Amino acid sequence: MKKQVDETPKNDIMFKEIFSDEEILKDFLEALLNEKIESIKIEQDFNIRGNIHDKIGILDIKAEINGEKIVQIEMQKKNKYNMEQRTIFYGSKVLSKLLKKGDTYNELKPIILINILNYNLIKLPEYYTKTKTVAENYNEYELIKGIKYGFIELTKFRKAKPNLDNKLDQWLIFIDNKKKEWLKMVTEKNKIIAKAEEKRQYLTGDAERERLQELREKAEFDEATAYAAGKIQGEKYGQKIGEKLGKQYGRKEMSIETARVMLKDKWDKKLIIKYTRSNRKRN
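A quick note: this is a predicted structure, and the numbers were derived from the prediction, not measured.

Undergrad: Explain the overall build of the chain here, please?
TA: Looking only at helices and strands, the chain features 10 helices and eight strands. Counting over 283 residues, the chain shows a buried share of 39%. A fraction of 58% describes how many contacts in the chain between residues 6 or more apart in sequence connect residues 24 or more apart. Accessible area of the chain: about 18000 Å², with a carbon and sulfur share of 52%.

Listed below in structure tokens is the structure:
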């Protein structure tokens with residue numbers, strides 16, 4: 001029996017499909033950031049792994065707006081109890097990847113990392129919380145403007161009384177997709193949300209539903225495969241460098257294994273003794 005697909009934008013695959021439309025994302029971000037967006041460039045599935053030994057992170061949507069700042073969006077449906085750590089990791093990785101060889105620090109664009117959560121995280125009453133870095137005794141003085149974070153908690157929004165004339169509330173009604181009477185009203189008020197809802201309904205058709213399920217299964221498979229591959233690479237890497245990085249392999253065991261391989265390859269016994277001894281001394 002196949003697992004039922006979440007047919008709301010809280011499904012991160014569904015979210016990507018809908019908000020990869022420039023017109024839709026632009027209208028949502030204008031409401032979220034409270035600013036006019038003249039240009040927008042979207043990149044999906046932005047991989048923030050720096051190299052083969054780094055932890056993998058995939059953000060749902062990455063967009064450059066007005067050529068001057070980067071907005072990252074992650075939809076998180078289930079609480080994995082690591083959002084604070086994930087947010088720090090994602091923000092720092094995204095910032096570091098923006099700087100290419102030969103660039104200066106002054107060329108870094110500001111980053112806004114938005115987390116849309118289907119659970120409570122922050123012990124404050126507001127459903128949309130923004131952060132900034134300020135001086136300890138001067139909260140009005142902003143020190144560092146390079147990275148800002150925003151947290152939208154849909155569980156809190158659900159309990160609030162939304163303003164149907166407020167564009168951000170309109171979009172959150174669409175994303176949450178719980179109150180159908182509210183959704184009907186906001187689609188009548190906002191033609192871009194009406195377009196997004198039409199796209200969502202199209203994606204819930206039989207053929208598209210099956211495709212979304214396949215995408216979800218592929219995403220889960222890719223994640224499991226990445227972790228398995230990383231584990232295998234880590235074990236091989238540890239075997240190669242011995243005790244220093246692969247602590248599970250003792251010096252003696254490593255020398256014995258090296259000697260076995262050399263014997264199998266028909267190395268001269270004197271050379272085997274020489275290299276396995278020097279290997280033990282270095283370790």
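Undergrad: Looking at this structure, I do not really get the packing of helix H5 (residues 167–176) against helix H6 (residues 180–189). What am I missing?
TA: Packed helix pairs are characterised by how far apart their axes lie and by the angle those axes make with each other. Across the interface, H5 lies against H6 with an axial gap of 9 Å and an inter-helix angle of 130°. By the angle between their axes, H5 is oblique relative to H6. The chirality of how H5 crosses H6 is left-handed. Touching Gln170, Ile173 and Phe174 of H5 are Trp182, Leu183, Val186 and Lys189, all from H6. Class assignment for the residues of the contact of H5 with H6 results in five nonpolar, one polar and one charged.

Undergrad: What am I meant to see in a nonpolar patch on the surface here?
TA: Together, Tyr138, Tyr141, Leu143 and Ile144 make up a nonpolar patch on the protein surface, roughly 470 Å² of accessible area in all. On the secondary structure map, Ile144 appears in strand S7 (residues 138–144).

Undergrad: Looking at this model, I keep getting lost on the packing of aromatic side chains. Mind explaining?
TA: Each pair of aromatic rings is reported with the distance of its centres and the angle of its planes. For the coordinates displayed, the defined rule picks out seven aromatic pairs. A ring pair is formed by Phe15 and Phe19, whose centres lie 4.4 Å apart and whose planes are at 25°; its orientation type is stacked. With Phe15 and Phe19 both in helix H1 (residues 12–19) and four residues apart, the pair spans about one turn of that helix. For the pair formed by Phe15 and Phe19, the shared burial category is buried. Ring pairing ties together the aromatic residues Phe15, Phe19, Phe28, Trp171 and Phe174, which thus form one cluster. The positively charged end of Lys179 is found above the aromatic ring belonging to Trp182, 4.2 Å away from the centroid.

Undergrad: Explanation requested: the pattern of salt bridges in the structure shown.
TA: Oppositely charged side chains can form a pair if their charged atoms are brought close together. This model, assessed by the stated rule, comprises 16 salt bridges. Among the ionic pairs, Asp176 bridges to Lys10, the shortest N-O distance being 3.5 Å. You can see Asp176 sitting in helix H5 and its partner Lys10 sitting in the segment before H1, a full 166 residues away along the chain. With a relative accessible area of 5%, Lys10 lands in the buried category. Taking the shortest distance from any N to any O, the salt bridge between Asp165 and Lys189 comes out at 2.9 Å. Within this pair, whereas Asp165 is found in the loop between helix H4 (154–159) and H5, its partner Lys189 is found in helix H6, the two being separated by 24 residues in sequence. Look at Asp165 and you get exposed, because its relative accessible area is 59%.

Undergrad: I tried to follow the nonpolar core on my own but got confused; where do I start?
TA: In globular proteins that are soluble, nonpolar side chains generally tend to be buried together. Judged by nonpolar contacts, the single largest core of 41 residues is most densely connected at Phe19, Phe28, Leu29, Ile73, Ile116, Trp171 and Ile175. Residue contributions to this core peak at seven residues, all from helix H2 (residues 22–33). Ranked by size, the runner-up nonpolar core spans nine residues in total, among them Met83, Tyr90, Leu117 and Tyr119.

Procedures and definitions
- Residues numbered from 1 in each chain as written.
- Predicted model: local features only at pLDDT ≥ 70, side-chain atom pairs only at ≥ 80, totals over all residues.
- Heavy atoms only, no water.
- Helix = DSSP H or I, 4+ residues; strand = E, 2+ residues; numbered from the N terminus.
- Buried < 20%, exposed > 50% of the residue type's maximum accessible area, 1.4 Å probe, protein only.
- Contact = heavy atoms within 4.5 Å.
- Areas by Shrake-Rupley, 256 points an atom, 1.4 Å probe, with all protein chains shown as cover.
- Axes fitted to C-alpha atoms, helices over the stretch in contact; angles between N-to-C directions.
- Parallel < 35°, antiparallel > 145°, perpendicular 65-115°, else oblique.
- Left-handed = near helix turned anticlockwise from the far one by under 90°.
- Nonpolar A, V, L, I, M, F, W, Y, C, P; charged D, E, K, R; others polar.
- Patch = residues over 30% accessible without salt bridge, like charges linked within 9 Å, V, L, I, M, F, W, Y side chains within 5 Å.
- Salt bridge = Lys/Arg side-chain N within 4 Å of Asp/Glu carboxyl O.
- Phe/Tyr/Trp six-rings, centres within 6.5 Å; stacked < 30°, edge-to-face > 60°.
- Lys NZ or Arg CZ within 6 Å of the ring centre and 35° of its normal.
- Core = buried A, V, L, I, M, F, W, Y, C linked by side-chain atoms within 4.5 Å.

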